[in-house]
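Breakdown of the fold
Listed here are the chains, written in short residue letters.
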Amino acid sequence: MTINKNVSLKPFNTFGIDTIAASFCDITSVEDLKAVLKENHSSPLFILGGGSNMLLTQDVNALVLHINLKGIEVISETKNTVIVKAMAGENWHDFVLWCLDQNYGGIENLSLIPGNIGTAPIQNIGAYGIELKDVFVSCEAINISDQTSKKFTKSDCSFGYRESIFKQDLKGQYIITSINLELTKVNHKLRVDYGAIKTELEASNIHNPTIKDISNVVIAIRQRKLPDPKYIGNSGSFFKNPIISATQFSKLQDNFPEAPCYKISDTEIKVPAGWLIEKAGFKGKRFKDYGVHDQQALVLVNYGHAKGNDIYELAKLIQKTVKRLFNISIETEVNII
């Protein structure tokens, strides 16, 4: 366990923003994590996972703990289901592919979501009609202040739309070290009714899809819409899809009858933020070395050497414009640091 000084965080965030960490420690075991917390818990700390859900707007004057815990194992299984434990430093998409190779179903719709396992519960990641909470059993976490371990069940986590207790009441208090998910071994519950999945399957002449078929379709759709962070810096969807009242949506339809939506309940409607941003004229718009992706308006991009504040100012401009045009507030999904 080595603590290095003045480390560039450019390789550790998918936006590719070049900021400096005052101190940096790569954490590869729970024991090391507890030890470094015990020695430094009163110092400023910055917990870093896959770096896929953040925008760095300044240098990090803190000890950065890079959670790089590895390992995947089956905890228990029945004839129909299996509980899999994955450590926080595992790449999410690699984990999905591992599960598919074992014919474990339930997270195939979450293929190609960037980031690591440890941040998945914090964000309650979701895509194409599935959220992590749908398969979540529990997670293990370390209390930063006293280094004790705690198990959080699904009900403990207070999951919501891109929300959890780790973003609310317990924000900054715990570091997730592993998660347990319950997946299916047989009789997989396939979800093909969201987005373009069904259309893609039909176009490929697939009428009885497997979980791998669904994963492949989701990957193909995402690759068409989303830029690869290896080549264009981005953090995936930058904004949450706003949930508005049915009354407010009815007013929106008065001016924009073509407005797409997803019904949440009789009183709540989810409106695609990407549609709002595109309608506001931002899709594909470039400002010097940063801008909005030309295939997906939800994605803000760094074309090379943009500063975090450049992208943040663009995000605020988009929010202000959407509010003015549609009277709808859109929140950032990405953490601004």
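Everything here concerns the structure above.
Because the structure is predicted, anything quoted here is derived from the model rather than measured.

So, on to the overall build of the protein chain. On a plain count of helices and strands, the protein chain comes out with eight helices and 20 strands. The C-alpha radius of gyration of the protein chain comes to 20 Å, within 12% of the 20 Å expected for a compact globule of 337 residues. When its C-alpha atoms are laid out on the principal axes, the protein chain stretches across 60 × 55 × 35 Å. The long-range share in the protein chain, meaning contacts at least 24 apart out of those at least 6 apart in sequence, stands at 62%. Per element, the accessible surface of the protein chain, about 16000 Å² overall, is 46% carbon and sulfur. Placing the 37 positive and 36 negative side-chain charges of the protein chain at their respective mean positions leaves the two points 4 Å apart.

Turning next to the packing of helix 2 (residues 92-101) against helix 5 (residues 211-225). The interhelical angle for the contact between helix 2 and helix 5, taken along N-to-C directions, is 155°, at an axis separation of 10 Å. When the axis of helix 2 is compared with that of helix 5, the two are roughly antiparallel. Taken as a pair, helix 2 and helix 5 cross one another with a handedness that is left-handed. Contact residues: helix 2 offers His93, Leu100 and Asp101, while helix 5 offers Ile211, Lys212, Ser215 and Ile219. When its residues are assigned to classes, the contact of helix 2 with helix 5 shows three nonpolar, two polar and two charged.

For the structure on display, the rule yields 15 salt bridges. In this structure, Lys240 engages Glu331 in a salt bridge whose closest nitrogen and oxygen atoms are separated by 3.4 Å. Taken as a pair, Lys240 in the loop between strand 13 (233-234) and strand 14 (243-245) and Glu331 in the loop between helix 8 (308-326) and strand 20 (335-336) lie far apart in primary sequence, 91 residues in all. Connected through shared salt-bridge partners, Glu131, Lys133, Asp134, Arg162 and Glu333 make up one network.

Moving on to the pairing of strand 2 (residues 20-27). Regular strands have side chains that alternate between both faces of the sheet. Note that strand 1 (residues 3-8) and strand 2 share five bridges and pair antiparallel. Within strand 2, the residue paired with Asn4 across the bridge is Phe24. Sheet topology places strand 2 next to strand 5 (residues 60-67); six bridges connect them, and they run parallel. The residue bridging Cys25 from the neighbouring strand is Leu65, located in strand 5.

Conventions adopted
Sequence positions are assigned chain by chain, starting from 1 and proceeding in written order. In keeping with the model being predicted, local features are shown solely for residues with a pLDDT of at least 70 and side-chain atom pairs are shown and tallied solely at 80 or more, while totals for entire chains, interfaces and linings include all residues. Side-chain descriptors were evaluated using all non-hydrogen atoms of the structure, hydrogens and water having been removed beforehand. In this text, helices come from DSSP runs of H or I with a minimum length of four residues, and strands from runs of E with a minimum of two, each type numbered from the N-terminal end. Two things to know: the radius of gyration comes from C-alpha atoms, and the globule rule equals 2.2 Å times the number of residues to the power 0.38. By the convention used here, residues are in contact when the closest approach between their heavy atoms is within 4.5 Å. To be clear on the numbers: accessible area is Shrake-Rupley with a 1.4 Å probe, and residue cover counts the displayed protein chains and nothing else. For this count, His and the chain ends are skipped, Lys and Arg are scored as positive, and Asp and Glu as negative. Note that the charge is assigned to NZ on lysines, CZ on arginines, CG on aspartates and CD on glutamates. Angles here are taken between N-to-C directions and fall from 0 to 180 degrees, while the axes themselves are lines fitted to C-alpha atoms, restricted in helices to the stretch in contact. Any angle from 65 to 115 degrees is called roughly perpendicular, while one under 35 is roughly parallel, one over 145 is roughly antiparallel, and all others are oblique. The hand of a helix crossing depends on one turn: near helix anticlockwise from the far one by less than a right angle means left-handed, and clockwise means right-handed. Gly falls in the polar group here, along with every residue not listed as nonpolar (Ala, Val, Leu, Ile, Met, Phe, Trp, Tyr, Cys, Pro) or charged (Asp, Glu, Lys, Arg). Salt bridge, as used here, is a side-chain nitrogen of Lys or Arg placed within 4 Å of a carboxyl oxygen of Asp or Glu. Between any two strands, pairing holds if DSSP finds at least two bridges.

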